[in-house]
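Structural characterization, general
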Amino acid sequence: MNRILVTARLLTGAAPFALLVAGSAHAQTAPADAQPVPAMSSAQRAQPDAGIVDPDAQAGEDIIVVGTAGGGTRRQDAAFAVTTLSNDAIERAAPNSTADLLRTVPGVMAESSGGQNGANIFVRGYPSGGDAQFVTFQLGGVPIFPPSTLSFLENSQLIRLDETVQRVEAVRGGTGSLFSNGQPGLTVNVVPRIGGDTFKGFAKFSYTDYDEARGDAWVSGPLGGNTSFMVGGYYAQGNGIRDPRYRAEKGGQITANIHHDFDDNKGSVEVYARYLNDHGQWLLPIPIVQNGTSITAYPGFDAGTGTLAGPETRVTTNLVGRRLDLAEGRGAKVINPGVTFDYAVADGLRVRERLSYLGGDADTVETGEVKGQPDGDGDEQNRQSHTFEAQGQA
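Residues numbered from 1 in each chain as written. Predicted model: local features only at pLDDT ≥ 70, side-chain atom pairs only at ≥ 80, totals over all residues. Heavy atoms only, no water.

**Focus on the confidence of the model for the protein**
For clarity, the cut-off: The quantity known as pLDDT measures the predictor's confidence residue by residue, on a range of 0 to 100. Strands are runs of DSSP state E lasting at least 2 residues, helices are runs of H or I lasting at least 4, and numbering of each runs from the N terminus. The criterion used for residue contact is that any of the two residues' heavy atoms lie within 4.5 Å.
In the predicted model, the protein carries a mean pLDDT of 78, and 72% of its residues have values of at least 70. Looking across the protein, the model is least confident in strand S27 (residues 382-388), with a mean pLDDT of 32, and most confident in strand S17 (residues 227-238), with 97. Confidence drops under a pLDDT of 50 for residues 369-394, and excluding neighbours within four residues, the segment shows 56 contacts in the predicted structure.

Take a look at the structure:
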């Protein structure tokens, strides 16, 4: 048994500072009678959608943020393929991981047999052997981590879906590559809730037959004037879908924001922060028997429900006396603060800026025949440490 420890020091991810002249940011031509699109509909974000899109809005009137020049565009005006999933639609899809939600997006396949972390995500038309190099996740229109894939690290590992999410936008092709960190494949924008004019709250508890218990909650409301707040998150623990007979899934996430709308609908500013500390069992590898080109099940091992992990193999000591605990699994412990700013300086001129910071670790501990390079103590351990600084887009 070897330990693979992948530590990613995750630093700044920034959207470009922009001075926008009205009408010049969109490739498509708007109808003459079209109304100006708000930079970010505060009323829409403060009210949860029902279904795939808001049924109370006129056809195509819901605002899409990702794939545009920062301000948003209506679905009916969008010159790209977009899928919008409300909080209710996400709950009905019942994804077992962040990446698993993408199975609802046409032309996208998410393969998450390794657990809730480390999915392989494939986008139609883009050749890929694994990981998710053609998928970028955003939070509020800002890329969470600009490199879409590193060794043992893809974007969906760095964020979780919970009740603080107002909707998810998925854009394929089109202008996504221009306004989404150069991603030509799929850009997934997670849009969080914000507060409104009244105090609201929500809480729920769920339990599955996989022995997972989870609690979700959020609260929002006004802070005075045109300022509001939202805070919420989740905490969950369980043994996982392949039961190792110990708590292999444990952790949670908390998200908070303060949103202020400027007078006369001139724009808004929002300060937010997200803390994730969650890990789950890494389910691979699964043993099989290969005899030439014939592959059969390993005797005594159920490939559908079995796991190599168990109380007998959970904790071990390697040859140099280092203690390894498979319950550490695979996950992330990250902090993700940010700021979004939008202001109409004058008629036809707006200033927009989105900025975020991501810092933390994303580790993997697994069983398997992994041949690493001996470190200074002679321990055969494959350890990778990455330090990145993401520059703003031009």
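**Some remarks on the layout of surface pockets**
Quick note on the threshold: Using only the protein atoms, space was sampled on a 1 Å grid; points where a 1.4 Å probe fits but cannot get out form cavities, open sets with protein on both sides within 12 Å along at least five of seven lines form pockets, and lining residues are those with an atom within 4 Å of a point. Grid points are joined across faces, edges and corners, and a volume is the space filled by probe spheres set on the points. All amino acids are sorted into three groups, where Ala, Val, Leu, Ile, Met, Phe, Trp, Tyr, Cys and Pro are nonpolar, Asp, Glu, Lys and Arg are charged, and the leftover types, Gly among them, are polar.
Within this model, the largest pocket holds a volume of roughly 1100 Å³. For the largest pocket, the lining is made up of 38 residues, of which Pro-95, Asn-96, Ser-97, Glu-212 and Arg-214 are closest to its centre. Counting only elements with at least two residues in the lining of the largest pocket, the list comes to helix H2 (87-93), strand S15 (200-207), strand S16 (213-224), S17 and strand S18 (249-261). The element best represented in the lining of the largest pocket is S17, accounting for 4 residues. Classifying every residue of the lining of the largest pocket by side-chain character gives 12 nonpolar, 14 polar and 12 charged.

**Thoughts on the sheet that holds strand S14 (residues 186-192)**
Note the following rule: Strands were regarded as paired on the criterion that DSSP finds at least two bridges between them.
Taking strand neighbours across the sheet as the criterion, the 5 strands line up as S6-S13-S14-S9-S10 in an open arrangement whose pairing is mixed. Across the chains shown, the open sheet's two edge strands, defined by having one partner strand only, are strand S6 (81-86) and strand S10 (142-143). Bridging between strand S9 (residues 135-139) and S14 involves 5 bridges; their strand directions are parallel. What sits directly across from Val-135, in S14, is Leu-186.

**A word on the packing of aromatic side chains**
Short version of the rule: Planes of paired rings set the category: under 30 degrees apart is stacked, over 60 is edge-to-face and the rest tilted, where pairs are Phe, Tyr or Trp rings (Trp by its six-membered ring) whose centres lie within 6.5 Å. Exposure classes here rest on a 1.4 Å probe applied to the protein chains alone. A residue is buried below 20% of its type maximum, exposed above 50%, and partly exposed in between.
As enumerated under the stated definition, the model contains 5 aromatic pairs in all. Centroid distance Tyr-126 to Phe-134: 5.1 Å. Interplanar angle 35°. Geometry classified as tilted. Classification of Tyr-126 as partly exposed rests on a relative accessible area of 28%. Judged by its relative accessible area of 22%, Phe-134 falls in the partly exposed class. Consider the rings of Phe-262 and Tyr-343, whose centres lie 5.1 Å apart with planes at 90°: the pair is edge-to-face. Here Phe-262 is found in the loop between S18 and strand S19 (267-280), whereas its partner Tyr-343 is found in strand S24 (residues 330-346), with 81 residues between them in sequence. For Phe-262, a relative accessible area of 22% corresponds to the partly exposed category. We classify Tyr-343 as partly exposed; its relative accessible area is 27%. By the ring-pair criterion, three or more aromatic residues cluster together here, those being Phe-262, Phe-341 and Tyr-343.

**Structural notes on the environment of Arg-193**
Secondary-structure assignment places Arg-193 in the loop between S14 and S15. Put simply, Arg-193 and Thr-255 are 62 residues apart on the chain and 9.6 Å apart in space, counted from C-alpha to C-alpha.

**Concerning the environment of Gly-232**
Structurally, Gly-232 is set in strand S17. In this structure Gly-232 comes out as buried when scored by relative accessible area, which is 9%. Beyond its immediate chain neighbours, meaning those up to four positions away, Gly-232 contacts Thr-164, Ala-217, Trp-218, Gln-253, Ile-254 and Thr-255.

**Concerning unusual backbone geometry**
Of note in this structure, Ala-94 is not a glycine but carries a positive phi near 50°. With respect to the helices, strands and loops of the structure, Ala-94 is situated in the loop between H2 and strand S7 (108-111).

**Side note on the pattern of salt bridges**
Worth spelling out the cut-off: Just to be clear on terms, a salt bridge is a Lys or Arg side-chain nitrogen sitting within 4 Å of an Asp or Glu carboxyl oxygen.
One pass over the structure, following the stated rule, counts 11 salt bridges. A salt bridge links Glu-163 to Lys-204, with the nearest nitrogen and oxygen atoms 3.0 Å apart. With Glu-163 in the loop between strand S12 (153-154) and strand S13 (165-172) and Lys-204 in strand S15, this residue pair connects regions lying 41 residues apart in the sequence. Looking at Glu-163, the relative accessible area reads 7%, which means it is buried. A relative accessible area of 29% means that Lys-204 is categorised as partly exposed. Among the ionic pairs, Asp-342 bridges to Arg-350, the shortest N-O distance being 2.4 Å. Through salt bridges with shared partners, a single network forms among Glu-91, Glu-163 and Lys-204.

**Examining the nonpolar core**
Grouped burial of nonpolar side chains is what soluble globular proteins tend to show. Formally: What is meant by a nonpolar core is a set of buried Ala, Val, Leu, Ile, Met, Phe, Trp, Tyr and Cys residues, joined one to another through side-chain atoms within 4.5 Å.
By size, the foremost hydrophobic cluster in this structure holds 39 residues, and its most contacted members are Leu-102, Ile-121, Val-135, Leu-158 and Leu-186. Grouped together as the second largest cluster of nonpolar side chains are 6 residues, Ala-248, Ala-309, Ala-327 and Val-365 included.

**Comments concerning the pairing of S14**
Within S14, 7 of the 7 residues are buried, which leaves the element mostly enclosed by the surrounding structure. On S14, burial covers both faces: Leu-186, Val-188, Val-190 and Pro-192 on one face and Thr-187, Asn-189 and Val-191 on the other are all buried.

**Describing a nonpolar patch on the surface**
Quick note on the threshold: Patch membership needs two things, relative accessible area over 30% and no salt bridge, and members are linked within 9 Å if like-charged or within 5 Å if nonpolar (Val, Leu, Ile, Met, Phe, Trp, Tyr). Values of accessible area rely on a 1.4 Å probe in the Shrake-Rupley scheme; residue burial ignores everything except the protein chains shown.
On the surface, a nonpolar cluster with roughly 330 Å² of combined accessible area is contributed by Ile-254, Tyr-275, Ile-335 and Tyr-357. By the secondary structure assignment, Tyr-275 is in strand S19. Its relative accessible area of 33% is what places Tyr-275 among the partly exposed residues.

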